[in-house]
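# Structure assessment
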Amino acid sequence: MATLDGSAPKTSNITVRRGDPLVVISDVQKHYGDFQALKDIDLTVNRGEVVVVIGPSGSGKSTLCRTINRLETITSGTIAIDGKELPKEGKALAGLRADVGMVFQSFNLFAHLTILDNVTLGPIKVRKMKRADAEREAKALLDRVGVGQQASKLPAQLSGGQQQRVAIARALAMNPKVMLFDEPTSALDPEMINEVLDVMVSLAQDGMTMIVVTHEMGFARKAADRVVFMADGQIVEESTPEQFFTNPQSARAKDFLSKLLTH
């Protein structure tokens, strides 16, 4: 693969391999008109693995995350989840999407529904669960993320950190095979960030397969099996957190980290 800045080619120092491949991204390209947002993306995420995607703004991180459940369509290449290629549209896509939980920057809760109804909606409508079963599981999940006492409230009555934890519970309620997090703490006040990251660390420890786009380097160090560094629409480097933060291989990553450390 051609490099962006004359530095060493994309490097990989991966030793963590917990399970079989769950998400396989092969030669993915994404264009917006003349602009190429994703270039030659090859990435495999194994079952039970936590992959944190970092990089400067505009590097393609969120676009990559959103292609994995086809919120963004790709121009070419393939994305497969648990051995099945993402369908283009229709019921097959809806079915596969149900296996991919997504937590957004802006919570995306339904403002007119209670917290409990937000969490039970997907299981009842998509998974065809009985309401009583869905509510029992939803209450357990809300307890797990620390907002069980808020079940009867509307989203606007909760803090941002509480709303994001509800969004995590809502995604978990679908019993997904993989969880996608697209900058889940970037809209939160600083004191609320840790309460969301703590839930995510707990999920990681429980073995949930996670792909996390974030600026929270502490989370990457603590919870990631692998760090994927992107710049200008490409994966420049991927390695363990220890390797990446102490001995980055590419000039682009060294520059990125040096700016973090000086601010």
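See the structure above.
A short tour of the structure in this document, coming up. (Residues numbered from 1 in each chain as written. Predicted model: local features only at pLDDT ≥ 70, side-chain atom pairs only at ≥ 80, totals over all residues. Heavy atoms only, no water.)

This paragraph deals with the pairing of strand β10 (residues 226–231). Burial runs high along β10: six of the six residues are buried. Bridge count between strand β4 (residues 50–54) and β10: four bridges; the pairing is parallel. If you follow Val52 over to β10, its bridge partner there is Val227. In this structure, β10 lies alongside strand β11 (residues 234–239), joined through five bridges in antiparallel fashion. Bridging across to β11, Val227 finds its partner in Ser239. Two successive antiparallel strands, β10 and β11, enclose a turn made up of two residues, where Asp232 displays a positive phi of approximately 55°. (Buried < 20%, exposed > 50% of the residue type's maximum accessible area, 1.4 Å probe, protein only. Helix = DSSP H or I, 4+ residues; strand = E, 2+ residues; numbered from the N terminus. Pairing = 2+ DSSP bridges.)

Turning to the side chain of Gln150, a few remarks are in order. Among the secondary structure elements, Gln150 is positioned in the loop between α4 (131–144) and α5 (160–172). Given a relative accessible area of 13%, Gln150 falls into the buried group. In this structure Gln150 touches Ile115, Leu158 and Gln162, once residues within four positions along its chain are discounted. (Contact = heavy atoms within 4.5 Å.)

Counted according to the given criterion, the structure contains 15 salt bridges. As a salt-bridge pair, Asp99 and Arg127 come within 3.4 Å of each other at their nearest N and O atoms. With Asp99 in the loop between α2 (90–97) and β7 (100–103) and Arg127 in the loop between α3 (115–125) and α4, the pair connects residues that are 28 residues apart, well separated along the chain. Here Arg252 and Asp232 are joined by a salt bridge, their closest N and O atoms 4.0 Å apart. One end of the pair, Arg252, is in helix α9 (residues 251–261); the other, Asp232, is in the loop between β10 and β11, with 20 residues separating them in the sequence. The exposure class assigned to Arg252 is partly exposed, which follows from its relative accessible area of 22%. Classification of Asp232 as partly exposed rests on a relative accessible area of 40%. (Salt bridge = Lys/Arg side-chain N within 4 Å of Asp/Glu carboxyl O.)

In this structure, the largest pocket encloses a volume near 530 Å³. Together, 21 residues line the largest pocket, and Arg97, Val100, Met102, Arg170 and Met174 are the ones closest to its centre. Taken together, the elements giving at least two residues each to the lining of the largest pocket come down to α2, β7, α3 and α5. Take the lining of the largest pocket: its biggest share by element is five residues, from α3. Within the lining of the largest pocket, the residues separate by chemical class into 14 nonpolar, five polar and two charged. (1 Å grid on protein atoms, 1.4 Å probe; cavity = no way out; pocket = protein on both sides within 12 Å on 5 of 7 lines; lining within 4 Å. Points joined across faces, edges and corners; volume = space filled by probe spheres on them. Nonpolar A, V, L, I, M, F, W, Y, C, P; charged D, E, K, R; others polar.)

Keep in mind these numbers describe shape, not what the thing actually does.
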